[in-house]
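Report on the structure
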Amino acid sequence: MGSNQLLDHFGRFHDYLRISLTDSCNFRCFYCMPDGPTNCLSSGHLMNPDEILHFAKIFTNLGVSKIRLTGGEPLVRKEFPLILKKLSSLPVELTLTTNGVFLDKQLDLIKDCGVKSINISLDSLNPDTFFKITKRDDFHRVMDNIQLLVDSDLHVKVNAVAVSGLIESELADFIEFTRQRPLHVRFIEFMPFDGNKWSSNKVITAGQMLKLVQSVYDVVKLNDEPHSTAKKFKVVGYEGTFAFITTMSEHFCGDCNRLRITADGKLKNCLFGKEEWDLLAAHRRGEDILPLLVQGVRSKFEKLGGQLNPDYQKISIENINNRSMIKIGG
Ligand code: SAM
Ligand code: SF4
């Protein structure tokens, strides 16, 4: 374990940092990006590649052992190759969450930089539903790139946001997707963020989904990795696995090891917290960011950012003060 600067008041050591590279995206997923004008950050407000490396080094020296690049869509950031190369010099596990469209263009670089595992978001195996969700016609490019990653022996996780009314008819197709592919489908319970029209009746829980899967398939529970957000299963005889991320029905805050830096350089200690610590502004004023960083970690609430009711049916989105998901960075 590293130094105690990354330890919070509840004994949680934070060794996993998620860095958002941009708040812009080539997709328009309704659960992530609010309707209307996109208002993306101008380049001067984004952390530049050297600032990203500087922050990443500080966190790594304190004990962070895993960094995930996210966004917005990290692959639309034009300096993505430079940022990835810079970060690959650090002694960390480097990984990436992407919508997958541009992966073929960056695959060689990604492998050269030592990335072993990639999360791709794909919410539907039906091209029409995919278009309805993303408002983009890129289904086949994403599917081809998933296959390309599998063929390249990368560890591939496929993230599907589970929205009630959309996912039920696709559960079996996603399970079949794991039959002959060594990939890992994860159904993420639909979470509330600014501008995403969340309501509790659009949540379908892991328990409800598992029941539907078990009515068709012979399923076994697998062991979950330490700090894993996903509860993992497998259909007997299938190559891949499936899992549920149960943020809404059963939070996993007690075991949380994650911190986030937004594309504009603010530290967020929780996906659902409204508090932010402006590391970039401090750094650009020539100040040491360590005191802010420590304050951010020590201020972490015990659960759900101190503002979400653990009973998701009692959450009303109007009372939540947070960014939209696209501006947080997954
Ligand atoms: N553009 C990349 C992508 O889509 O993978 C990275 C950023 S995206 C914000 C990170 C992850 O957050 C994706 O897997 C996405 O499906 C998930 N996500 C976004 N909004 C969500 C929501 N309201 N509830 C649950 N998951 C959500
Ligand atoms: Fe873009 Fe990812 Fe958000 Fe979809 S989920 S709008 S792909 S950032």
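Anyway, here's the lowdown on the structure attached to this text. As the structure is a computational prediction, the values presented were derived from the model and not from experiment.

A word on the overall build of the protein chain
Helix and strand counts for the protein chain come out as 10 helices and 12 strands. Scaling as 2.2 N^0.38, a compact globule of 330 residues should have a C-alpha radius of gyration of about 20 Å, and the protein chain matches this with 19 Å. With the C-alpha coordinates aligned to their principal axes, the bounding extent of the protein chain is approximately 60 × 45 × 45 Å. Expressed as a percentage of the 330 residues in the protein chain, the buried residues total 55%. Of the contacts formed within the protein chain by residues at least 6 apart in sequence, a portion of 71% connects residues at least 24 apart. Of the roughly 14200 Å² of accessible surface on the protein chain, a fraction of 50% belongs to carbon and sulfur atoms. Between the mean site of the 41 positive side-chain charges and the mean site of the 40 negative ones, the protein chain shows a separation of 3 Å.

Here we look at helix α1 (residues 49–62)
Taking 1.5 Å per residue, 14 residues should reach 20 Å; α1 reaches 20 Å between its end C-alpha atoms and fits that length. The buried fraction of α1 amounts to 10 of the 14 residues, a majority that puts the element mostly inside the structure. Every buried residue of α1 is accounted for by P49, E51, I52, L53, F55, A56, I58, F59, T60 and L62. Positioned one or two residues after α1, G63 has a phi angle of 130 degrees, which is positive.

Looking at the side chain of R186
Summarising the element assignment, R186 is placed in strand β6 (residues 184–189). Salt bridges are absent for the buried R186, whose nearest opposite-charge side chain, E225, sits at 7.0 Å. Those residues within four positions of R186 in sequence are excluded, and the remaining contacts are N119, K157, V158, N159, A160, A230, A243 and I245.

What to know about the site of ligand 1
Surveying the vicinity of ligand 1 reveals 20 residues, the closest of which are Y31, G72, E73, S121 and M191. Contact distances for ligand 1 include 3.3 Å between an oxygen atom and a side-chain N or O atom of N159. For the shell around ligand 1, the secondary-structure elements that each account for two or more residues are β3 (93–98), β5 (155–162) and β6. Here the shell around ligand 1 is built from residues that sort into eight nonpolar, 10 polar and two charged.

Topic: the pattern of salt bridges
Side chains carrying opposite charge are able to pair once their charged atoms draw close together. As enumerated under the stated definition, the model contains 15 salt bridges in all. The closest approach of N and O atoms between E51 and R284, which form a salt bridge, is 2.8 Å. Here E51, found in helix α1, pairs with R284, found in helix α8 (residues 279–284); they are 233 residues apart in sequence, far enough to count as distant. Judged by relative accessible area, R284 falls into the partly exposed class, the value being 43%. Across the pair E276 and K268 runs a salt bridge, and its minimum N-O distance is 3.9 Å. E276 sits in the partly exposed class, given a relative accessible area of 29%. A relative accessible area of 1% means that K268 is categorised as buried. Because the salt bridges share partners, they merge into one network encompassing D264, K266, K268, E276 and R323.

Overview of unusual backbone geometry
Of note in this structure, K135 is not a glycine but carries a positive phi near 60 degrees. Within the secondary structure, K135 is located in the loop between α4 (127–134) and α5 (139–151).

With respect to the side chain of N145
Mapping N145 onto the fold places it in helix α5. Sequence-distant contacts of N145, defined by excluding residues within four places in its chain, comprise G100, V101, F102, L103 and D104.

A look at the sheet that holds strand β4 (residues 117–121)
A sheet is described by the order of its strands in space; here 12 strands give the open sequence β7-β8-β9-β6-β5-β4-β3-β2-β1-β10-β11-β12, paired in mixed fashion. Each edge of the open sheet is held by one strand with a lone partner, namely β7 (219–221) and β12 (277–278). Taken together, the five bridges between β4 and β5 define a ladder with parallel strand orientation. Directly across from S121, in β5, lies its bridge partner N159. Along the sheet, α5 makes contact with β4 and β5, crossing β4 at roughly 165 degrees.

Focus: the pairing of strand β1 (residues 16–20)
Burial analysis of β1 places five of its five residues in the buried class, the great majority of the element. Residues Y16, R18 and S20 line one face of β1 and the alternating positions L17 and I19 line the opposite face, and both faces are buried. Looking at chain direction, β1 and strand β2 (residues 66–70) are connected through five bridges and run parallel. Paired with R18 across the strands is R68, a residue of β2. Tracing the backbone out of β1, into α1 and back to the parallel element β2 gives a crossover that is right-handed. Taken together, the four bridges between β1 and strand β10 (residues 258–261) define a ladder with parallel strand orientation. Looking at the pairing, R18 lines up with R260 of β10.

Thresholds, definitions, all that
Residues numbered from 1 in each chain as written. Chains lettered and ligands numbered in written order. Predicted model: local features only at pLDDT ≥ 70, side-chain atom pairs only at ≥ 80, totals over all residues. Heavy atoms only, no water. Helix = DSSP H or I, 4+ residues; strand = E, 2+ residues; numbered from the N terminus. Rg over C-alpha atoms; globule rule 2.2 N^0.38 Å. Buried < 20%, exposed > 50% of the residue type's maximum accessible area, 1.4 Å probe, protein only. Contact = heavy atoms within 4.5 Å. Areas by Shrake-Rupley, 256 points an atom, 1.4 Å probe, with all protein chains shown as cover. Lys, Arg positive; Asp, Glu negative; His and termini not counted. Charge placed at Lys NZ, Arg CZ, Asp CG, Glu CD. Expected span 1.5 Å × (residues − 1). Salt bridge = Lys/Arg side-chain N within 4 Å of Asp/Glu carboxyl O. Near = heavy atom within 4 Å. Polar contact = N/O pair within 3.5 Å; in protein donor to acceptor, adjacent residues only side chain to side chain. Nonpolar A, V, L, I, M, F, W, Y, C, P; charged D, E, K, R; others polar. Pairing = 2+ DSSP bridges. Axes fitted to C-alpha atoms, helices over the stretch in contact; angles between N-to-C directions. Right-handed = clockwise from strand over helix to strand, strands pointing away.

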